[in-house]
Amino acid sequence: EGVLPQEYTLIKMQVKSPLTGKLKTLETKRVFLAAATLRPETMYGQTNAWVLPDGRYGAFEISDEEVFIVTERASLNLAYQHLSRVPLKPTSLLDLTGHDLIGVPLVSPLAFNSVIYALPMLTILTDKGTGIVTSVPSDSPDDYMALSDLKTKPALRAKFGVKDEWVLPFDLIPIINIPEFGDKAAEKVCIDLKIKSQNDKEKLAEAKKQTYLKGFTEGSMLVGEFKGMKVQEAKPLIKKLLIERGEAVIYSE
Ligand code: A2H
């Protein structure tokens, strides 16, 4: 962890009713997978959410009505940031693993896809953010490679019980133009760098560096409320809009 606190936007991805499987016991609540992002302006292009299959999660009470599914570590940070029903004390209604969450249908803020699914990503860190990540494969190299691994490897889908219809219908959505990289920056950079899979750590670090900086300084919005605006200017406005609508909260660690 760094020395300075990092401020994330937590995107509230609501579990679509009816709740099924282990989540059924939560059906009287509004249940969210809460994903930490540094790129709230990309939320239009969400195609899925990511969970770590063997990761441990809890269903923590944020208020009387709302439940966030996150790691225990994140629930403590949330509690210290006034996001727990009992002040300073996270209370979990249910212990879960990533396996329990794979295939859960979600309705996520700003997303053009009306429903997206939780899918396995093997490189999620449990000591960063909430352990839940939202996926924007047009603009995130990690997301692009993890999604193409699932799309191109039926055995990987079978291993984690991932149904074709949770993955195959979801194409990249152009949401940001970067002059040097076009309308699907992550795809272009991953192809140019010949990245083979989500586990290709060194090349992915390079891809992230290239797209992240250029996206911020030179990107412009192709869609949404702030279409035509520079990413730099749109980012704080989209963050504010999500928070005002109750669809996101600020989270620091
Ligand atoms: B970002 P930083 Cl479009 N494990 O959101 C692995 N990755 C995690 C994580 C975890 N526990 N928690 C958050 N993240 C991801 C969007 C995005 C992101 C785009 C482009 C780049 C990008 C959609 N995924 O991140 O180490 C989340 O993915 C580039 C680094 O704190 C979060 O923002 O800098 C970012 O990593 C936070 O990583």
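Above this text sits the structure in question.
What counts, and where the lines are drawn
Residues numbered from 1 in each chain as written. Predicted model: local features only at pLDDT ≥ 70, side-chain atom pairs only at ≥ 80, totals over all residues. Heavy atoms only, no water. Patch = residues over 30% accessible without salt bridge, like charges linked within 9 Å, V, L, I, M, F, W, Y side chains within 5 Å. Areas by Shrake-Rupley, 256 points an atom, 1.4 Å probe, with all protein chains shown as cover. Salt bridge = Lys/Arg side-chain N within 4 Å of Asp/Glu carboxyl O. Buried < 20%, exposed > 50% of the residue type's maximum accessible area, 1.4 Å probe, protein only. Helix = DSSP H or I, 4+ residues; strand = E, 2+ residues; numbered from the N terminus. Pairing = 2+ DSSP bridges. Polar contact = N/O pair within 3.5 Å; in protein donor to acceptor, adjacent residues only side chain to side chain. Contact = heavy atoms within 4.5 Å. Near = heavy atom within 4 Å. Nonpolar A, V, L, I, M, F, W, Y, C, P; charged D, E, K, R; others polar.

A. Quick peek at a nonpolar patch on the surface. A surface patch of nonpolar side chains, amounting to about 310 Å² of accessible area, comprises L76, Y80 and L88. Look at Y80 and you get exposed, because its relative accessible area is 53%.

B. Expanded view of the pairing of strand β8 (residues 116-120). The element β8 is largely enclosed, with a buried count of 5 among its 5 residues. Looking at chain direction, strand β3 (residues 48-51) and β8 are connected through 4 bridges and run parallel. Opposite N48, over in β8, you have Y117 as the bridge partner. Two strands pair when backbone bridges link them, and strand β7 (residues 105-107) and β8 are joined in this way by 2 bridges, in the antiparallel orientation.

C. Representation of the side chain of S75. By secondary structure assignment, the location of S75 is in helix α1 (residues 72-80). By relative accessible area, which is 2% here, S75 ends up buried. A distance of 2.6 Å separates a polar atom in the side chain of S75 from the backbone oxygen of E72. Look past the residues within four positions of S75 in its chain and what remains in contact with it is F60, V70 and P90.

D. Quick peek at the site of the ligand. In the vicinity of the ligand lie 15 residues, with Y8, T37, L125, K128 and D143 positioned nearest. Measuring from a nitrogen atom of the ligand, one finds a backbone N or O atom of T134 at 2.7 Å. One of the side-chain nitrogen or oxygen atoms of D143 is found 2.7 Å away from a nitrogen atom of the ligand. Isolated, the ligand exposes 700 Å² of accessible area, and the fraction of that covered by the protein chains is 86%. Those elements that place two or more of their residues in the shell around the ligand are β2 (30-37) and β9 (132-135). Taken together, the residues that form the shell around the ligand break down as 7 nonpolar, 4 polar and 4 charged.

Nothing here speaks to function; it is all geometry.
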